Structure formats: C-alpha cells, structure tokens
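Each chain, written out:
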Amino acid sequence: MNHQESLTQYIASFVSELVKNGVEDVVVSPGSRSTPMAMVMAEHPELRVHIHVDERSAAFFALGMAKATTNPVAILCTSGTAAANYYPAIVEAFYSRVPLIVLTADRPHELRDVGAPQAIDQIHLYGKNVKWFIEMAPPDHSDGVIRYVRSACTRAVSTAKKSPAGPVHLNFPFREPLIPQLDNPNIFALSNRKEAYMKIESGHMTLKAEEFNQMAHVLSSYEKGIIVCGPMEEEGFSKAVIGLAKKLNFPIIADPLSQLRSGYHSHSLIIDTYDSFLKNEDAKEQLKPEIIIRFGAMPVSKPLLQFLKLHQDVRQLVIDGGSGFRDPALLSTDMIYCQETLFCESLAAIVEEKEDSRFLKQWKDCNDLTKAKLKPIQHIEELSEGKIFAQLAELLPDGATVFVGNSMPIRDLDTFFHNNEKSIKVMANRGANGIDGVVSTALGAAMHSQPLYLIIGDLTFFHDLNGLIAAKLYHIPIHIIVINNNGGGIFSFLPQAEHPKNFEMLFGTPLDIDFSHSVKMFGGHYELITDWQHFSSALLSETDTFKVLEVTTNRDKNVKEHRDLWDSVSQEISRLLKG
C-alpha cells in the first residue's frame, strides 16, 4: 500500500470513529497541512462541515455549537500560528466546561525545529487548558495503527464529554503528498468492530446512603440557610433544586445563568434582585445565613461575593459533580463531589419538611421591595442600558435564547432580568469572562438554538467583527443588540473613574465607529434605534439574516441612573429591616 492509500485509510478510520462516537459538527479553517483531514471529512455523509477562515472566530463558533447542544464539536486547522489562534476559545471551553475536539495538523518530525515554514512547537501547545493531549503517530495502514487511531478517537471524545466536560487536543503530523485517495466509495467502511471501536462508560459521582442520611440530618438542623446557584446547564437540575429548597424552606439565590429565573417551574423561593439589595449594609448583616449550599460556578454578582466573604465563618457546602474546585474566595467548608441533580433529588427524598421561617420571609420581602424600587427603569424615556434588560422578559418570545456579553451587559442582566414564566434560556462566556469571540460563540449557538438574541457592548462587538462572516455564509438569523456607549462602560463603575486625568485614554477607549458599514460588508441588516417603540418593533421583527440593532447611550448618564436606583433600593431596604 502506497503513502496516499495509507494516509487515506488512517484518516478515514479516525473520521469514521469520530462520527460513531456522536460528533456531528466540525468547523474547518482552510490550510495546506490539514488538507487530507479536511478532504476526508467533507466526504463523510453524516458529518456537517462548517468553513470559517478566521481560526480565532472559528473556534468560538464551534464553542457556541457545543454550548447549545452539550455535544462535542471538532475544530480543524493547519499548522503554525493557525493553531495558536484557537487558544482563547480553548481557554474558555476549559473553564466553562464545554466539550471541544481540537484537531491540529502539523509538520512531520523531520521538519520541526529546522526553520521549515509554518512549523512551530505544537506539542502541548495549550498546556493545562485541555483535559488531554496526544501527539498522533504518523499515518500508516497497519492493523495496529488503525486500531490505535480508532481507540485514540474514542478516548478523545469520551474525555471531552466526561464531567467536567472540556477540550481535548490531538496533533496530527502529515507528510506530503497531502491529497487523499477519494475514489473509493467504501472509504469509511470498517473491516472489524463496525460500531464504535470501544464503549467507554462513565457514571455520575454520588455519595453513599449513610452520607446522604448524615447530610439530611445536618441540613434539617439549620433554619437560616440559603442555596446559591451559579451558571448551570444540567438536565433536570431546576426541578430538583427547587424541590430541595421547598423541603428545607431555603431561598434560592439564582444567577441569571442558572436557568432558574425563567421557566414553567415555581418561582416562589427564587431570589433574583440580590445584586441590588446586598449592596446595603443592613441587609448584609441581618440576612446572614447559618449554612450555604452552592451549585455551579461562582455567580456574576460582586455584592453576593462580598456578602459570602463577610460571613466566612458560615458553613458552606460546594456541590460539584465535575470534582473541580470552584471556590475562588476559599470559603467552602465542605467540597462535595456529587452530581448536582442527584444530590438534590436524593436529599429531598429523605430530609424532613420544614415550616416557613422568619429568615425566609426576610429574603423574600427584600426581594419584593427591591423589584418595586427598580420598576422606575421601565418608565425612562431616553434610551437606557438597564431598561433594555428590564424589558426582555416581556418582549422576547417563549423559547428564545439570550446570549449576553461580558462586562456591563451580564451585570445589567443580573440586575434587571427577573423571574418570568417564559422558557428563556440565558447563555454567556463566563469561563474566562473575556470579551473576545462573543459574536462567534453566539452565532454558533444560533445554529441550534432559535430564536437567539445577542446583547453586547460596542467594544465586544468590535473585537469579533470577523465572526459575522459565519452569519453571511450560513444565513444565520440572529438579532444582535449593540449597546454603544462609545467605550468601556464598566470602567465608569470602577475606582479608575475617580482618576479622570487619563481615564478616557486608558479605560474609556472611545472607538467612534460607524458600525453600519461593517454590517453592510457582511450582508446584514442594520438599524440605529431611535426610541423604545422602535426598539420593540425591531426586536420582534422576523429576519432571515443577521440584524444589528444599535442602541446609543451615554456612559455618565448610565452610571448616575444605576446609582440613583441602587440608592433608592438601599434606603428602603434599611427601613424594612429596621422595622
């Protein structure tokens, strides 16, 4: 068998195994050294191949698809700096626990470290930001190598999916000639083990029965408890945690990414305005719990984090089915490695049901009062950043997905997006909390979640304008709301704003960009929003392409608007808690 035949059989075996392990999507960035893998992938009838010429955006686009489906997505690029451009998305995937199969083509060993073009050191290129790395053997047709390539593929997909999910990296050295032999109609036929080469079973982490009984006894002994839910995507978790909270009569502090603020479940115990009322010193003291149960990553809210830090003497249980260490403030007393839904269901079945408590009523009263004091945002006539998020639950259709950018948008969502009966899914890149690749991630998610509404600031939009090419190529319908305050709005809320001398140059960073030209270049529809009626009609209008709605706001007015509302909340919370 010649080189071309060996190359083809090797790659076809790998691609077949990829599909048999459930991978349905691959994002390919064109390049020379990745030619054989790309051409073989394009031939497989069950693999959807998406082309994206910008590797940085391509990786985020794949990340978005994987986030929306929770299924691994593969990415393929050529050697050299193309692979380096994947890095930001791989970091995000690792920290947000999203499964990616990273496939990088490479120069063969004899062309490394000798000055060959597009030959960089790709061994462990992503360091500890991938769950597993393997330098694949050069292509060969021997039975042993074919078994090796199939088992490596199975292991890669299984590792990416296993909790905590995340990216894996396979590096393929290919020698020239790079063109595979594609005239064989049975290119993907497997001579043995016609299903997946091996089956890897991975169960959920759990506790022993006596440990659950002990935990139930502990929780029953506390009256003043809270449940904190950060970003969560787990099937069945909402119902399970609400069931446990009802038995314990503990309020649920629900981050907007917990998927608890929206849906057809009960919202009676869900606290959604804590970010505002926990700024108040009286609330921080009087709402002190005796025990805290925390699920998911740390929530967005800084006031909540400060509240937890203030009460570091309180027993805090962190439940993590991915056996990580999600404790950035180092406050936990118990790190419990158990699948979250299973933990809630198991405890709810055996814990004694409690009666309503004064402590629970205090949390609920603070929540209700805060909502009432935040309502004036709805009556602001000028275009306002906060009002955009306050209107979402009312305006968006049932079943919509909201993808929100970092910095101020995710914080405004936390403040103004409250409990509602619609099924609205909320997504964001909160692994590394960066502004890079957000457009591409949202477009990837929109391939599988419709309708999707992306809300981002002007800097975040600018940072990933290249990502819009995917919307043009694949006709992805998506509404993109760009909040343009001409710079980094979040810095106006930070201590840097108290030092105005070089503030605009270093932090404000006004861009003064007319985004209509960029939108037109990529074939999208652009509207500059003029008033709230215009915003509502544009948001609800159907589109068969991507539509950008630009809302211009003023940074200084935005800061004053937020602080006036928070001051109003704080004054009333103090009156409430002091009787």
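Okay, so let's go over this structure. Keep in mind that what you see is a predicted model, and the values were worked out from it rather than measured. (Residues numbered from 1 in each chain as written. Predicted model: local features only at pLDDT ≥ 70, side-chain atom pairs only at ≥ 80, totals over all residues. Heavy atoms only, no water.)

**Side note on the pattern of salt bridges**
Here's step 1: Evaluation of the coordinates by the stated rule reveals 22 salt bridges.
Here's step 2: Of the charged contacts in the structure, one is a salt bridge between R33 and E176, with a shortest N-O distance of 3.5 Å. Residue R33 is found in the loop between strand 1 (25-28) and helix 2 (35-43), and its partner E176 is found in the loop between strand 6 (167-173) and helix 7 (209-220); the two are separated by 143 residues along the sequence.
Here's step 3: A residue is classified by how much of its surface remains accessible, and R33, at 4% relative accessible area, is buried.
Here's step 4: Taking the shortest distance from any N to any O, the salt bridge between R261 and D414 comes out at 2.6 Å. (Salt bridge = Lys/Arg side-chain N within 4 Å of Asp/Glu carboxyl O. Helix = DSSP H or I, 4+ residues; strand = E, 2+ residues; numbered from the N terminus. Buried < 20%, exposed > 50% of the residue type's maximum accessible area, 1.4 Å probe, protein only.)

**Brief notes about the side chain of S449**
Here's step 1: The residue S449 is located in the loop between helix 17 (438-446) and strand 15 (452-457) in this model.
Here's step 2: With a relative accessible area of 11%, S449 lands in the buried category.
Here's step 3: Contacts of S449, omitting those with residues within four sequence positions, involve A68 and T401. (Contact = heavy atoms within 4.5 Å.)

**Comments concerning the sheet that holds strand 9 (residues 270-271)**
Here's step 1: With parallel pairing, 6 strands are arranged side by side in an open sheet as 9-8-7-10-11-12. Edge positions in the sheet fall to strand 9 and strand 12 (334-336), since each of these pairs with one other strand and no more.
Here's step 2: In this structure, strand 11 (residues 315-319) lies alongside strand 12, joined through 3 bridges in parallel fashion. When the sheet's bridge partners are listed, I319 is paired in strand 12 with I336. (Pairing = 2+ DSSP bridges.)

**A look at helix 8 (residues 237-248)**
Here's step 1: Given a rise of 1.5 Å per residue, 12 residues ought to cover 16 Å, and the 16 Å separating the end C-alpha atoms of helix 8 matches this to within 8%.
Here's step 2: Residues of helix 8 that are buried make contact with helix 7, strand 7 (225-229), strand 8 (252-254), strand 9, strand 10 (291-295) and helix 12 (340-350).
Here's step 3: N249 lies just past helix 8 and shows a positive phi near 55 degrees. (Expected span 1.5 Å × (residues − 1).)

**What about the environment of K20?**
Here's step 1: Structurally, the position occupied by K20 is in helix 1 (residues 3-20).
Here's step 2: Under the relative-accessibility criterion, K20 is labelled partly exposed at 36%.
Here's step 3: C-alpha of K20 to C-alpha of L178: the two residues are 158 residues apart in sequence and 25 Å apart in space.
Here's step 4: With residues up to four places along the chain from it excluded, the contact list for K20 reads L190, K194, E195 and A196.

**A few points about the packing of aromatic side chains**
Here's step 1: Within this structure, the stated rule accounts for 13 aromatic pairs.
Here's step 2: Residues F14 and F172 carry aromatic rings whose centres are separated by 5.1 Å and whose planes lie at 75 degrees to one another, so their mutual orientation is edge-to-face. Here F14, found in helix 1, pairs with F172, found in strand 6; they are 158 residues apart in sequence, far enough to count as distant. Both residues of the pair, F14 and F172, count as buried.
Here's step 3: When the ring of F277 is compared with that of W363, the centres are 5.8 Å apart and the planes differ by 70 degrees; the resulting orientation is edge-to-face. Of this pair, F277 sits in helix 9 (residues 274-277) while W363 is found in helix 13 (residues 358-374), placing the two residues 86 residues apart along the sequence. (Phe/Tyr/Trp six-rings, centres within 6.5 Å; stacked < 30°, edge-to-face > 60°.)

**Things to note about the sheet that holds strand 1**
Here's step 1: Strands sit in the order 2-1-3-4-6-5 across an open sheet of 6 strands; the sheet is parallel. Because the sheet does not close on itself, it has two edges, and the strands there are strand 2 (48-51) and strand 5 (132-135). For this sheet, the mean inter-axis angle between neighbouring strands, taken without regard to orientation, is 20 degrees.
Here's step 2: Pairing between strand 1 and strand 2: 4 bridges, direction parallel. When the sheet's bridge partners are listed, V27 is paired in strand 2 with H50.
Here's step 3: Together, strand 1, strand 2, strand 3 (73-77) and strand 4 (100-106) form the strand contacts of helix 3 (residues 55-69), whose direction differs from that of strand 3 by roughly 170 degrees. (Axes fitted to C-alpha atoms, helices over the stretch in contact; angles between N-to-C directions.)

**Topic: unusual backbone geometry**
Here's step 1: For the bond from E176 to P177, the omega torsion is -5 degrees, close enough to zero to count as cis.
Here's step 2: On the secondary structure map, P177 appears in the loop between strand 6 and helix 7.
Here's step 3: Between Q450 and the following residue, P451, the backbone shows a cis peptide bond with an omega angle of -5 degrees.
Here's step 4: Looking at the secondary structure, you find P451 in the loop between helix 17 and strand 15.
Here's step 5: Backbone geometry at T70 places phi at a positive 60 degrees, although glycine is not the residue there.
Here's step 6: Mapped onto the elements of the fold, T70 is located in the loop between helix 3 and strand 3.
Here's step 7: The phi dihedral of D512 falls on the positive side, at around 55 degrees, and the residue is not glycine.

**A word on the packing of helix 1 against helix 2**
Here's step 1: In the contact formed by helix 1 and helix 2, the axes pass within 10 Å of each other and the chain directions differ by 55 degrees. Relative to helix 2, the element helix 1 lies oblique. The element helix 1 and its partner helix 2 pack so that their crossing is right-handed. In this structure, helix 1 uses L7, I11, A12, F14, V15 and L18 to contact helix 2, whose residues at the interface are P36, M37, V40 and M41. (Parallel < 35°, antiparallel > 145°, perpendicular 65-115°, else oblique. Left-handed = near helix turned anticlockwise from the far one by under 90°.)

**Here's the deal with the environment of A538**
Here's step 1: As for its position among the elements, A538 is in helix 22 (residues 532-540).
Here's step 2: For A538, a relative accessible area of 2% gives the class buried.
Here's step 3: Along the chain, A538 and H479 lie 59 residues apart, while their C-alpha atoms are 9.0 Å from each other.

**Here we look at the nonpolar core**
Here's step 1: With 57 residues, the main nonpolar core has F277, W363, F389 and F535 as its most contacted residues.
Here's step 2: Beyond its immediate sequence surroundings of up to four residues, W363 is in contact with I226, P251, I253, I271, F277, L278, L287 and F307.
Here's step 3: By size, the runner-up hydrophobic cluster in this structure holds 51 residues, among which are M65, Y126, L465 and I476. (Core = buried A, V, L, I, M, F, W, Y, C linked by side-chain atoms within 4.5 Å.)

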